[in-house]
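Letter by letter, the chains look like this.
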Amino acid sequence: MNKVKVSTEKGNTRILGLLGQLEKINLELTLQDVENGRHVTAKLLHLVQTQAFPFSVLQESERMKKDITAKGSSGMEIILSTLENTHDLQTTLNILNIINELVSVGGGRRCGVLVSKGGSQILLQLLFSASKDSPPNEEIMIQLHSILAKIGPKDKKFGVKARINGALGITLSLVKQNLQNSKLILPCLQLLRVYSSNSVNAVSLGKNGVVELMFKIIGPFNRKNTSLIKVSLDTLAALLKSKTNARRAVDRGYLPVLLTIYIDWHRHDSRHRHVLIRKGILTCIKNITSIKLGRKAFVDAEGMKVLYNSSQDCLSVRTLDPLVNISSLIMRKCFPKNRLPIPTIKSVYHFQLPVIPTSGPVAQLYNLPPEVDDVVDESDDTDDTEIETDNENEDEEKDENKKNDDIETDINKLKPVHELGRPIEELEVYNQFFPELTEDFQAYNLSGKNHASVSRADIQQPGPIIVPTAGEEMLSTSKVIKVSVKESNTPESQQILPNVYRRVAQDHKLPILIDLQNNEQSKNSVNSQYSKQNGHTTTQRLNSEIAKGLDGMSLHCKNAPNDVKCWNSRHMNGIENKPSLLTLGDTCSKTCQQLSGCGKSLFSSPFGQPPSWQQVGSQLGQLCCSGIDTDAEDESSISSEEPGISELPEPGVLQPLHDSDLYVEVVKKTKSVPEYNEVAYPDYFGHIPPPFKEYLIERPYGVQRAKIFQDIERLIHANDIIDKIVYDLDFLSYPVPEDGETLRFNSQFESGNLRKAIQIRKFEYDLILNSDINSNHHHQWFYFEVSGMRNAVPYRFNIINCEKSNSQFNYGMHPIMYSVQEAMLGRPQWIRAGTDICYYKNHFSRSSIAAGGQKGKSYYTLTFTMNFAHKDDVCYFAYHYPYTYSTLQMHIQKLESLHDPQLIYFRQDSICETLGGNPCPVLTITSVPESKSWENLYQFRNRPYIFLTSRVHPGESNSSWVMKGTLEFLMSNSLAAQNLRDSYIFKIVPMLNPDGVINGSHRCSLSGEDLNRQWLTPNPELHPTIYHTKGLLQYLASIQRSPLVFCDYHGHSRKKNVFMYGCSIKETVWQTDVSASSCDLQEDLGYRTLPKVLNQIAPAFCMSSCSFVVEKSKESTARVVVWREIGVTRSYTMESTYCGCDQGKYKGQQMGTRELEEMGAKFCLGLLRLKRLSSVECRFPPGLLDVDNDLIDTRCNVTSPTTQVLDEDEPRCLEEIDYSAESSDEQEIDLNETADFDTQYFDPSTQEEQLSDSDIPKRDFFL
């Protein structure tokens, strides 16, 4: 006999002896042993029982249970062997009771042990043999069903085993014969529920009448047998997961019965003691409505109204949230799928391509017959196409645990190939873009080279311009605003408020000084900064005189003299008509040499040129500039003479890059498909980062649920819906409402995107975005104008054709807003705005054409509420801070005009023309050599190249703001910038997709393709910017001058912080099953240096979000192609969040333009540090390249090859997002402030060899 194995701790000798006796009895099986078996099993049962004993005894009993089921113990095997071999009824009952005690409360692990020992098979066989007794022993049946119901979920093969052993029929027969015996049928029903988890068993049980049987037990409100009703409902819900059973329930009319039962329980359960029963009924309804037939039956039975009304009764009780959530999910699922109210999902704008691709989504688009309806499928609501669960992210969570099949495992494809791909002779054409390699500087005067900084005093001051107004409904139509200037002791250079605004403010007794510290106090309220500044009453006259009726700016006007164009001539006669567009006159071509213009009037009107507006131009040149102080992070300094007045940074620190006159001149040369003739006010006025912090918000509990219920009300109270079209690009002749109660919309300006606006309720509007040109999807970027609003009224805006399944709008992200009246009051700022922001699946159907071949998909809604601070304001909303192509061209011209050519080598070329006819600029920035000596010229020509690109995706405007910070830093006069220019030659393509940016696209160029998927084989006719940018890189490789660093700036919509993607063979292999050691991989680990450095010096950068894995789906991106073909080890994509940070100094804050530009500057400082770390004499600090101990777990998203909608650079959002009826249980966001700005860099003399992850805090430094 084998020795019994149990725990040998003191106090367990009794159970050891009993199990030994039991094992001996199993071997001998004599008549006397039967009696001994009863005795031993009775003692064991007594030891493991946990009821009605003192606490100390219960502890001892629990310890014994653990010993019996412990790893390595043979106790469970002995017990099961006895159960299998005994024929004594009492011994069988004793053992069944012992097992029941072992798998009772807290026995989940013990259930697994029992299953692993073959317990489920032994018990099922015992059930079969016990069923042959006539009648079966009730106590044995109760114990068997109770145990099997507990261990069944732990056995993956339990459903098959039960079916093979005939257990289904035995249990079902017991239920049918004992409907009045609740003690027996309760465990039977529990076991039926476990059986039904197997789909084959569920269908079999359904055919044998179990669904009908459950409705004999379930009934109206009854305080008796509630436990039995609860289990019956759970069993029915499990059965109804089968589509066959769900159809059977609908055919027999059980859905209205369930609704009636639910209402009865809802009305009578006033104390909410039977919430689980009510939830069980709703779960049954939810499972039935997973099929089309069930949804139709639900709507026909007025289920929408029933659940809506009952949910309204439950909203005030927090404990009833599960009922409200399931009710909301059912109603959303059964809400009739609506057609998106547009004629076609293709873009409103059409651009004929010079070459039609032979395959891909663009080819499908062109080959689609014109009569095909691409908005909705013929049978869009197909049966069982989209079955939702309580957690709509369930599939996504499962995917996270799956092996990532997108990771490249072919070592040959991972190894760099270093192939040019084009003949060297063909690449010679790019020699013209590298004149620095042969520049001899004979035209330069380098002998007396002065390194002094260029000050503003050296630059000619601008002349005046006229700021646009659109005087609809002026208080006096024949009266020009006349204001006088009260003298101020404040120097004009320190006045942030332009003179004209100061005069108006004085006439209306408004404060003229802006206290940024006071504004800081109102940082938690987006709108309080407006209302608390002056109050609505004090600004009412100013609003009506300056900003009332602002509408837009037109670039063309007929029948006007050279300098004076027509503007709102109807006001001459005192007629209040529809506001006309402000028109622009001629401007001087010399404006690029000045800060704001040359003095010629941009704007004029029949009134002449009021002196009060003549001053604005000189102030906008200073007011509307933004940048980043790379030497000190203080946003502003406070004057000691006039406390409370914010002054701009000193000359040389902040480049005044915004020039309103110049911007208009650039816009006139910009070519767009819609041929825009208007300028958006934010692009004209410019943007200054707000002086206050903008925090991520935690969404109030119940907001999303409330929004969903408002959407459901559209069906229930259809008569309350206005459904009036107020803006439509498909039919521009559609009349614009002039009732004074309806908002006016506009998006016909550069980078604008809004296709249609529909008024749903008095203060609610549905908005539809336009697809990318030559595409039928990519709806994310929006930028539009709103006017005609009331103040202090909550307007709800719903963007209803979003496509992504999750969004950072559920995690603290805001849309941004720009108020023209605020700009005219001296605050030209894009700010994060809106309340009640959420993102969820809606009832608008997506066709299979729009969903990449998938049927039954829905669009998503981004909704937010806005309370406007000013009446009749003109406001702009955008997905992110707009940065137009014209803005880039303006900034480049300003940088060129302001730099010192004796210090900075700056060159702008056009690498090619885009499909739309716009030049694609490429910039060269380095420092001029100190002299014309051979040594200096040799050092100049042999500096390593840094190659930077940005904005390949038009909607990623944050990448342009980062690029702006980089360019401003490189062109600044700081010692760090000078050192960087002395070290490298920078080749920069700041906007790879100008056409997409100009035409308001989100992801594609005019070719309708994602340009960042064309780097492998770019087509010179369809992808000219990629083709020629790659040509520049290939040329450098052909002359053995491949860049030291390549970085492509991007934006990321699903993750927070700033981070990088790089390329590593080893880290890619480590993510797969391939053995890295067997591949004999040798790799330069220098690819980690720059991200590590940025993690130390850039507050927004997060190393833990970085990834260096190469995916199959990314093999045609810039990062991977430059790494493989050009041989650039340090080839990166740098991603900047649209949202904010969840770590570091900016934790809990939104990412604004200040932080984005700072990131661009910090990137430059990182390159400077990289120079030191890459030098021959420098040793890498310990831990800097420790890949093995710092490997980042990168699980990238696997996109279906048939899906062309969400094919992106970014992996899926790592945060859990709940799209059920209530999404309040989201990840909490720490809003605590972090440390203040640290304005000091590390001392180069003391910090040269001290960079490491362990001992250097995040702060700024350069060497």
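Residues numbered from 1 in each chain as written. Predicted model: local features only at pLDDT ≥ 70, side-chain atom pairs only at ≥ 80, totals over all residues. Heavy atoms only, no water.

This paragraph deals with the sheet that holds strand S6 (residues 724-728). If you trace the six strands from one edge of the open sheet to the other, you get S6-S8-S9-S11-S15-S14, paired in mixed fashion. This sheet does not close on itself; its edge strands, each paired only once, are S6 and strand S14 (835-846). The mean inter-strand angle of the sheet, taken between neighbouring strand axes irrespective of direction, is 25°. In the sheet, strand S9 (residues 764-768) pairs with strand S11 (residues 794-802) via four bridges, with the strands oriented parallel. (Pairing = 2+ DSSP bridges. Helix = DSSP H or I, 4+ residues; strand = E, 2+ residues; numbered from the N terminus. Axes fitted to C-alpha atoms, helices over the stretch in contact; angles between N-to-C directions.)

This part is about the pairing of strand S22 (residues 1058-1061). Going residue by residue along S22, you find Val1058 and Met1060 tucked away on one face and Phe1059 and Tyr1061 tucked away on the opposite face as well. Looking at chain direction, S22 and strand S23 (residues 1130-1137) are connected through four bridges and run antiparallel. Residue pairing for S23: Met1060 is matched across the bridge by Met1134. (Buried < 20%, exposed > 50% of the residue type's maximum accessible area, 1.4 Å probe, protein only.)

Counting residues in hydrophobic clusters, the biggest one holds 134 residues, and the most contacted among them are Phe745 and Phe797. Among the elements that line this core, the one with the most residues is helix H44 (residues 1153-1174), at 10 residues. For Phe797, the contacting residues outside a window of four places in its chain are Leu743, Phe745, Tyr765, Leu767, Leu862, Thr863, Phe864, Met866, Phe868 and Phe877. Membership of the second largest hydrophobic core comes to 111 residues, among which are Leu83, Ile229, Leu320 and Cys838. (Core = buried A, V, L, I, M, F, W, Y, C linked by side-chain atoms within 4.5 Å. Contact = heavy atoms within 4.5 Å.)

In this model, Ser134 is joined to Pro135 through a cis peptide bond whose omega is -10°. Looking at the secondary structure, you find Pro135 in the loop between helix H7 (119-131) and helix H8 (138-151). Look at Asp723: it is not a glycine, yet its phi comes out positive at around 55°. Along the chain, the position of Asp723 falls in the loop between helix H33 (703-716) and S6. The residue Asn774 is not glycine, and still its phi comes out positive at about 60°. In this fold, Asn774 is placed in the loop between S9 and strand S10 (783-787). By relative accessible area, Asn774 is classed as buried at 7%.

Here we come to the side chain of Lys1030. Along the polypeptide, Lys1030 turns up in helix H40 (residues 1024-1038). The class of Lys1030 is buried, set by a relative accessible area of 6%. Engagement of the side chain of Lys1030 in a polar contact is seen with the side chain of Glu1125, the distance being 3.0 Å. When neighbours within four sequence positions are excluded, Lys1030 is seen to be in contact with Trp1015, Leu1016, Pro1018, Val1121 and Glu1125. (Polar contact = N/O pair within 3.5 Å; in protein donor to acceptor, adjacent residues only side chain to side chain.)

Right, let's get into the packing of helix H19 (residues 303-314) against helix H20 (residues 321-334). For the pair H19 and H20, interaxial distance at closest approach is 10 Å and the crossing angle is 150°. With respect to H20, the element H19 is oriented roughly antiparallel. In this structure, the crossing between H19 and H20 has a hand that is left-handed. Contacts from Met304, Leu307, Tyr308, Ser311 and Cys314 of H19 reach H20 at Val324, Ser327, Ile330, Met331 and Cys334. (Parallel < 35°, antiparallel > 145°, perpendicular 65-115°, else oblique. Left-handed = near helix turned anticlockwise from the far one by under 90°.)

On to the confidence of the model for the protein chain, then. Averaged over every residue, the pLDDT of the protein chain is 76; residues scoring 70 or more account for 69%. Across residues 5-11 the pLDDT falls below 50, and counting only partners more than four positions away or on other chains, this stretch makes 12 contacts in the model. (pLDDT = per-residue confidence, 0-100.)

In this section: the sheet that holds S10. The strand order across the open sheet built from five strands is S7-S10-S16-S12-S13, with neighbouring strands paired in antiparallel fashion. The outermost strands of the open sheet, each flanked by one partner alone, are strand S7 (744-746) and strand S13 (830-832). Averaged over all adjacent pairs, the angle separating strand axes in this sheet is 30°, with direction ignored. Bridge count for S7 against S10 is three bridges, and the pairing is antiparallel. What sits directly across from Phe745, in S10, is Val786.

Glancing now at the packing of aromatic side chains. Inspection of the entire model under this criterion finds 43 aromatic pairs. Taking the centre distance of 5.8 Å and the plane angle of 65° together, the rings of Tyr783 and Trp830 count as edge-to-face. Here Tyr783 is found in strand S10, whereas its partner Trp830 is found in strand S13, with 47 residues between them in sequence. For Trp830, a relative accessible area of 2% translates into the label buried. An angle of 35° between the planes, with centres 5.6 Å apart, marks the rings of Phe797 and Phe864 as tilted. In this pair, Phe797 is assigned in strand S11 and Phe864 in strand S15 (residues 857-867), connecting sequence segments 67 residues apart. With respect to class, Phe797 is no different from Phe864; both count as buried. The ring of Tyr859 carries Arg846 above its face, with NZ or CZ at 5.7 Å from the centroid. The ring of Phe1059 carries the charged tip of Lys1055 above its face, separated from the ring centre by 4.4 Å. (Phe/Tyr/Trp six-rings, centres within 6.5 Å; stacked < 30°, edge-to-face > 60°. Lys NZ or Arg CZ within 6 Å of the ring centre and 35° of its normal.)

Bringing helix H5 (residues 89-102) into the picture now. Its 14 residues give H5 an end-to-end C-alpha distance of 20 Å, which sits within 8% of 20 Å, the value for a rise of 1.5 Å per residue. For H5, a buried count of 11 out of 14 residues is recorded, marking the element as mostly surrounded by other parts of the structure. In this structure Asp88 caps H5, since a side-chain oxygen of it lies 3.3 Å from the backbone nitrogen of Gln90. (Expected span 1.5 Å × (residues − 1).)

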